[in-house]
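# Survey of secondary and tertiary structure
Residues per chain, in single letters:
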Amino acid sequence: MGLAKQFRKLADYLDAPDFAASRRLRVPYHLYRFFGRVQAWGKVGGVLDVGANRGHFARAAAQCFAGAAVHAFEPLAVCQPALQKMARRFPQLRVHQIALGDRSAEMTMHENAYPDSSSLLKMTERHKELWPKTRDERPISVPVKTLDSVRSELGSGPYFMKLDVQGYELHVLRGAEAVLQDTSVIMAEVLFE
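An account of the accompanying structure is given in this report. (Residues numbered from 1 in each chain as written. Predicted model: local features only at pLDDT ≥ 70, side-chain atom pairs only at ≥ 80, totals over all residues. Heavy atoms only, no water.)

## A few points about the nonpolar core
Most often, soluble globular proteins have nonpolar side chains that are buried together. Put simply, the rule reads: Buried Ala, Val, Leu, Ile, Met, Phe, Trp, Tyr and Cys residues that are joined via side-chain atoms within 4.5 Å together make up what is termed a nonpolar core. Only protein chains enter the accessibility calculation, which uses a 1.4 Å probe; a residue whose area is less than 20% of its type maximum is buried, one above 50% is exposed, and one in between is partly exposed. Working definition: helices are DSSP H or I runs of at least four residues, strands are E runs of at least two. Numbering for both runs from the N terminus. Here, residues are in contact when the closest pair of their heavy atoms is within 4.5 Å.
Formed by 52 residues in total, the largest nonpolar core has its most connected members in F35, V50, F65, L147 and F160. When residues of this core are assigned to their parent elements, the largest contribution, six residues, is made by helix α4 (residues 56-64). When neighbours within four sequence positions are excluded, L147 is seen to be in contact with L48, F73, L100, L154, M161, G175, A176 and V179.

## What to know about the sheet that holds strand β1 (residues 46-50)
Put simply, the rule reads: Any two strands with at least two DSSP bridges between them are considered paired. Throughout, an axis means a line fitted to C-alpha atoms (over the contacting stretch in the case of helices), and angles, computed between N-to-C directions, take values from 0 to 180 degrees.
Overall, parallel pairing links the five strands, which are arranged β3-β2-β1-β7-β8 in an open sheet. Every other strand in the sheet has two partners, leaving β3 (93-96) and β8 (183-188) as the edge strands with one partner each. With direction set aside, neighbouring strand axes in the sheet form an average angle of 15°. When β1 meets strand β7 (residues 159-163), the two strands line up parallel, connected through five bridges.

## Description of helix α3 (residues 29-41)
Rules: Multiplying 1.5 Å by the residue count of a helix minus one yields the expected span of that helix.
Along its 13 residues, α3 runs 19 Å from first to last C-alpha, staying within 8% of the 18 Å computed at 1.5 Å per residue. Y29, L31, F34, F35 and V38 are the residues of α3 that are buried.

## Comments concerning the side chain of Q80
What counts is decided by this rule: Pairs of N or O atoms within 3.5 Å make up the polar contacts considered here, provided that, within protein, one atom can donate a hydrogen while the other can accept it, and that residues adjacent in sequence are counted only when both atoms are side-chain atoms.
Mapped onto the fold, Q80 is located in helix α5 (residues 80-89). A relative accessible area of 7% places Q80 in the buried class. One polar contact links the side chain of Q80 to the main-chain carbonyl oxygen of E74, over a distance of 2.9 Å. Excluding residues within four positions of it along the chain, Q80 makes contact with E74, P75, V95 and Q97.

## A look at the pattern of salt bridges
This is how it is decided: A pair is scored as a salt bridge if a Lys or Arg side-chain nitrogen falls within 4 Å of a carboxyl oxygen belonging to Asp or Glu.
Under the definition given, this model contains six salt bridges. We note a salt bridge from E129 to R126, for which the minimum N-O separation is 2.6 Å. In this pair, E129 and R126 are both assigned in helix α6 (residues 125-130), three residues apart and thus about one turn of the helix distant. By relative accessible area, which is 35% here, R126 ends up partly exposed. Between R151 and D182 there is a salt bridge, with the nearest N and O atoms lying 3.9 Å from each other. One end of the pair, R151, is in the loop between β6 (137-145) and β7; the other, D182, is in the loop between α8 (177-180) and β8, with 31 residues separating them in the sequence. Residue classification places R151 among the partly exposed positions, given a relative accessible area of 29%. The exposure class assigned to D182 is partly exposed, which follows from its relative accessible area of 26%.

## Side note on a positive patch on the surface
Formally: Residues enter a patch when their relative accessible area is above 30% and they make no salt bridge; the linking distance is 9 Å between like charges and 5 Å between nonpolar side chains (Val, Leu, Ile, Met, Phe, Trp, Tyr). Note on areas: Shrake-Rupley, 1.4 Å probe, and residue coverage restricted to the protein chains presented here. The positive count covers Lys and Arg only, the negative count covers Asp and Glu only, and His and the chain ends enter neither. All charge positions are set by atom: Lys at NZ, Arg at CZ, Asp at CG, Glu at CD.
Residues R26, K85, R88 and R89 make up a contiguous surface patch of positive charge. Judged by its relative accessible area of 59%, K85 is exposed.

Take a look at the structure:
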């Protein structure tokens, strides 16, 4: 991208009426704008951050969805200190140290040295080739539940669900049939390779 184009993009951001608000809240502008569109569609009673990692999305949701409960689902112990610190700062944030899937069980998670790439699925060689920093992993045992099995802990919907579970999204959705009936928006990471 040329320098002139970068300056134009920056000027567009600075000119936008909600850019200052996103900056004050320390919420990425694209996410702040998306949250605004979600709120325009209707009430959000709860935000489900499935694959919360260290909680960047959960923090942004807690700041932007006033009055909504935010549930962060993350099984990795390495991510818990940041999530617990955030939960102390935002009382509407509840941390669930579990993975979600299509059945309740203890399962093997492939914990990656780069935590963002940890998954209940074994990483393919192609993934490691494309992202070399994801090569090192170790198997750990984590509790897995279905989203439907924890529904009573979620409060009332409608829900806004964010899914980022490294390819395990369909398993999470299969275990959420009842919750999906009360979910108005799903935001999911999708990679085609």
